[in-house]
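# Residue-level structure breakdown
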Amino acid sequence: MSAIKVYVPRDSVALALGADEVAEALLAACAARGERIELVRNGSRGMFWLETLVEVQTPLGRVAYGPVTPQDVPALLDAGLLHGGEHALRHGVTEQMPYLALQERLTFARMGVTDPLSLADYAEHEGWAGLQRALSLGADALIHEVTHSGLRGRGGAAFPAGIKWKTVASIPAAQKYVVCNADEGDSGTFSDRMTMEGDPFMLIEGMTIAALAVGASQGYVYIRCEYPHAVASMTEAITRAKAAGYLGDNILGSGRTFHLEVRKAAGAYVCGEETAMLESLEGKRGIVRAKPPLPAIEGLFGQPTVINNVITLSSVPIILARGADFYRNFGMGRSHGSLPFQLAGNIKHGGLVEKAFGITLRELLYGFGGGSVSGRPIKAVQVGGPLGAYVPESQWDVPLDYEAYAAMGAVIGHGGIVVHDDRANMAKLARYAMEFCALESCGKCTPCRIGSTRGVEVIDRITQDINRTQQIHLLRDLCDTMTHGSLCAMGSMTPYPVLSALNHYPQDFGITPIAAISA
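Per-chain numbering applies: the sequence of each chain, read as written, is numbered from 1 onward. Local features in this predicted model are restricted to residues of pLDDT 70 or higher, and side-chain atom pairs are both shown and tallied only at a pLDDT of 80 or more, whereas totals for entire chains, interfaces and linings draw on every residue. Heavy atoms from the whole structure form the basis of all side-chain values; hydrogens and water molecules are not counted.

### Topic: the packing of helix α7 (residues 139-149) against helix α8 (residues 161-170)
Between α7 and α8, the least distance of the axes is 7 Å, while the angle of their chain directions is 155°. It follows that α7 is roughly antiparallel to α8 by the angle criterion. Facing L142, I143, V146 and T147 of α7, the residues of α8 in contact are A161, G162, I163, W165, K166 and A169. Grouping the amino acids of the contact of α7 with α8 by side-chain chemistry returns seven nonpolar, two polar and one charged. Where helices are involved, their axes are fitted lines through C-alpha atoms of the stretch in contact, as for all axes, and angles between N-to-C directions lie from 0 to 180°. Elements are defined by DSSP. Helices are runs of H or I of four residues or more, strands are runs of E of two residues or more, and each kind is numbered from the N terminus. Angle categories are assigned with fixed cut-offs, so that under 35 degrees is roughly parallel, over 145 is roughly antiparallel, 65 to 115 is roughly perpendicular, and the rest are oblique. Any two residues whose heavy atoms approach within 4.5 Å are treated as being in contact. Note on residue categories: nonpolar means Ala, Val, Leu, Ile, Met, Phe, Trp, Tyr, Cys or Pro, charged means Asp, Glu, Lys or Arg, and polar means any other residue, Gly included.

### Structural notes on the sheet that holds strand β2 (residues 37-40)
If you trace the five strands from one edge of the open sheet to the other, you get β2-β1-β3-β4-β5, paired in mixed fashion. Strand pairing shows two members of the sheet lacking a second neighbour, β2 and β5 (90-93), which therefore form its edges. In this sheet, adjacent strand axes meet at a mean angle of 25° when their direction is disregarded. Inspection of the sheet shows strand β1 (residues 4-7) paired to β2 by four bridges, in the parallel sense. Note that in β2 the partner of K5 across the bridge is E38. With respect to the sheet, helix α2 (residues 19-33) is in contact with β1, β2 and β3 (54-58), its orientation differing from that of β2 by roughly 170°. One bridge is not enough; two strands pair if DSSP finds at least two bridges between them.

### Points about the pairing of strand β6 (residues 177-182)
Accessible area is worked out with a 1.4 Å probe on protein chains only. A residue is then buried under 20% of its type maximum, exposed over 50%, and partly exposed in between. The buried fraction of β6 amounts to six of the six residues, a majority that puts the element mostly inside the structure. Going residue by residue along β6, you find Y177, V179 and N181 tucked away on one face and V178, C180 and A182 tucked away on the opposite face as well. Of the pairings in the sheet, the one linking β6 to strand β7 (residues 218-223) comprises six bridges and is parallel in character. Looking across to β7, one finds that A182 is bridged to I223. Sheet analysis places β6 next to strand β9 (residues 305-309), joined by five bridges and oriented parallel.

### Brief notes about the environment of E279
In this structure, E279 sits in helix α12 (residues 274-281). Sequence separation of E279 and G299 is 20 residues, and the distance between their C-alpha atoms is 9.4 Å. In this structure, E279 is in contact with K284, R285, G286, I287 and R289, ignoring residues within four places of it in sequence.

### Let's talk about the pattern of salt bridges
A carboxyl oxygen of Asp or Glu within 4 Å of a side-chain nitrogen of Lys or Arg is what we treat as a salt bridge. A complete count under the given rule lists 30 salt bridges for this structure. R33 serves as the salt-bridge partner of D78, at 2.8 Å between the closest nitrogen and oxygen. Taken together, the residues span a long stretch of sequence, with D78 in helix α3 (residues 73-78) and R33 in helix α2 at a distance of 45 residues. Classification of D78 as exposed rests on a relative accessible area of 58%. Its salt-bridge partner being R62, residue E55 comes within 3.2 Å of it at the nearest N-O pair. The exposure class assigned to R62 is buried, which follows from its relative accessible area of 10%.

If you want it as structure tokens, here you go:
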């Protein structure tokens, strides 16, 4: 009799919630009972409230149980876990669970399905199909595919990826680079980490395709230093891909060259800004560079460089495998494809939801998130990381689309969504935004370095009712200076959470709505 496949995630969240202990308990209990199992350590499905999620292969498909603790294992085996038996922790066939079934998993199609470090698993689930097609295309045709797909940078700026690639390709240089910005420092975001831990070959494939498009021979993955599991999985995946001929001096016998290395980040939030990241990669202090020149023209070590984040590059393989039209038909307006939204904060069902652009915040909060975990009304939702605006309920039905959010003074950013219930004090959160900027600023430009420090002081005077009306005017002027005078998004976007809190929740600052608007 063949062994029964049992899946236990190796994702960081699952590990933090006892996945290793559950795996050990399953192996020990099955050995004691004479049950033969094949334990696969997969990535997470992104349903974090159910971790540790255990799945069992059955004739019906994979059946899910969770959240499982080591203490649950004996009772689960008694109930027929290995055959999909009924139990209070049973959720049925995994793919049919509404949280997953209602998503459009394009980039995350393999997430939680495969063994992240199995080349055979990756190839069996459409892996390398995009690379093989890319090798058959010329650089111009390859770049056209990416441009026509409508793929825009998923790191926050939403700049068209194809245009960036075309710029790098057009610059004559003996050496070009592809750099993946995996310094995922935004609060409430984890899609980059999940990708590197749960489907690292996808990122490798995307970076290799980018290298073929622009003529680069060397690449680097700059990974947040607080992600040890991602560093380990990417390092091992690169070793295996190179040994199998997907990287190196002769990619799949094509004669094309691309070498890839992992670099651990410096631990500074500002190194998530692309030019500060380049400085760090070069062994210098992470300080923002003035632009121009753009990194696409003079980037790493002064050479033309493609810089994209993890999800941007990981979206490329499916575009090449299935064609640009397939990808661009998802989404709305100029926002094509899908985005892995990350639900965090005071939310009942925190986790990852990949949906095409056009879904609303309300649908994410209640259709997927299940409302607040506290059971209290949701008051504010910060979209786009610590520099993103706080979105009030009156705007929760606006489609999540780059242009629609920009029009209302907000950003989608990396897709991070942090939820606060009605106990949140928005003045304190606004103050925290300024304080965060002051702590994390590289210090190169005055509006960011000094403006954030003054911002904390001004907000304190507002909440203490010291010349409140005058201070509100001052805060708005200060935010305008930071927005238009800062060298990078660190200073220019800090006003987003500050002004959105002031505009939509003036009562938390001790002022009436009318006074806030007129000030």
